[in-house]
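Next come the chains, spelled out residue by residue.
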Amino acid sequence: NVYGAISASPNAAMDASCSTRAHRSPTSGARSRPRHPRHCWSPNLRTWEVLPPLSEVGQGFGQLEVMHTVVVEGQPFLVFSCLAGDASAARKDTGTSGGTWAAKAETVLGPYDVAGARLLADSSLYVGRLVQLRDTGDWRFLAFNNLQPDGSFGGTITDPRPISLIDGHLVLGG
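Residues numbered from 1 in each chain as written. Predicted model: local features only at pLDDT ≥ 70, side-chain atom pairs only at ≥ 80, totals over all residues. Heavy atoms only, no water.

A. Inspection of a nonpolar patch on the surface at higher detail. On the surface, a nonpolar cluster with roughly 210 Å² of combined accessible area is contributed by Val71, Val108 and Leu109. Note on Val71: relative accessible area 38%, which makes it partly exposed. (Patch = residues over 30% accessible without salt bridge, like charges linked within 9 Å, V, L, I, M, F, W, Y side chains within 5 Å. Areas by Shrake-Rupley, 256 points an atom, 1.4 Å probe, with all protein chains shown as cover. Salt bridge = Lys/Arg side-chain N within 4 Å of Asp/Glu carboxyl O. Buried < 20%, exposed > 50% of the residue type's maximum accessible area, 1.4 Å probe, protein only.)

Here it is as structure tokens:
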């Protein structure tokens, strides 16, 4: 049995994209309503059943990009990326540049506290992923160097950086 998270658009039974990005109309440029993570199950990787959403829209993000779940010291998290341009007005008002976020979860299948997500790394690093070292079990953060000082895209991958769990929240470094 295989489980996966996908994004389901309101106009299709299943969308192969693993992003929850709101799409722009090619004619007007208007954004469609954001989609939210869906839970899918397959007994054979050929047929899939789309299950209820794992989170609700309206939690402060117009997209949850490159989502993955981790369990650090027994606490499940949903890790995702979202830049400020796709964040809600309330999040933008905090001055965030966006980046890679971590939301606590009750289990790896949710529910996820997306509204309570905390910034793990700002927009200088993007599409962050947590990996666990085989020999020690310690966690590391890998991401793309997103923006260079001149504003151009860096495109290189960072060296692994330590991740800590402090007061129940993931923290880069430590």
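B. Here's a closer look at the sheet that holds strand β8 (residues 125-132). Ordered by their spatial adjacency, 4 strands build an open sheet running β8-β9-β10-β11, and the pairing between neighbours is antiparallel. A single partner strand is all that each edge strand has here, and the edge strands are β8 and β11 (169-172). Strand-to-strand twist of the sheet, defined as the mean angle between neighbouring strand axes without regard to direction, takes the value 35 degrees. With 6 bridges connecting them, β8 and strand β9 (residues 139-145) associate as antiparallel partners. Paired with Gln132 across the strands is Trp139, a residue of β9. (Pairing = 2+ DSSP bridges. Helix = DSSP H or I, 4+ residues; strand = E, 2+ residues; numbered from the N terminus. Axes fitted to C-alpha atoms, helices over the stretch in contact; angles between N-to-C directions.)

C. Geometry of the environment of Ala87. Mapped onto the elements of the fold, Ala87 is located in the loop between β5 (75-83) and α1 (89-92). Given a relative accessible area of 10%, Ala87 falls into the buried group. C-alpha separation for the pair Ala87 and Gly62, spaced 25 residues apart in sequence, amounts to 5.6 Å. For Ala87, the contacting residues outside a window of four places in its chain are Gly60, Phe61, Cys82 and Lys92. (Contact = heavy atoms within 4.5 Å.)

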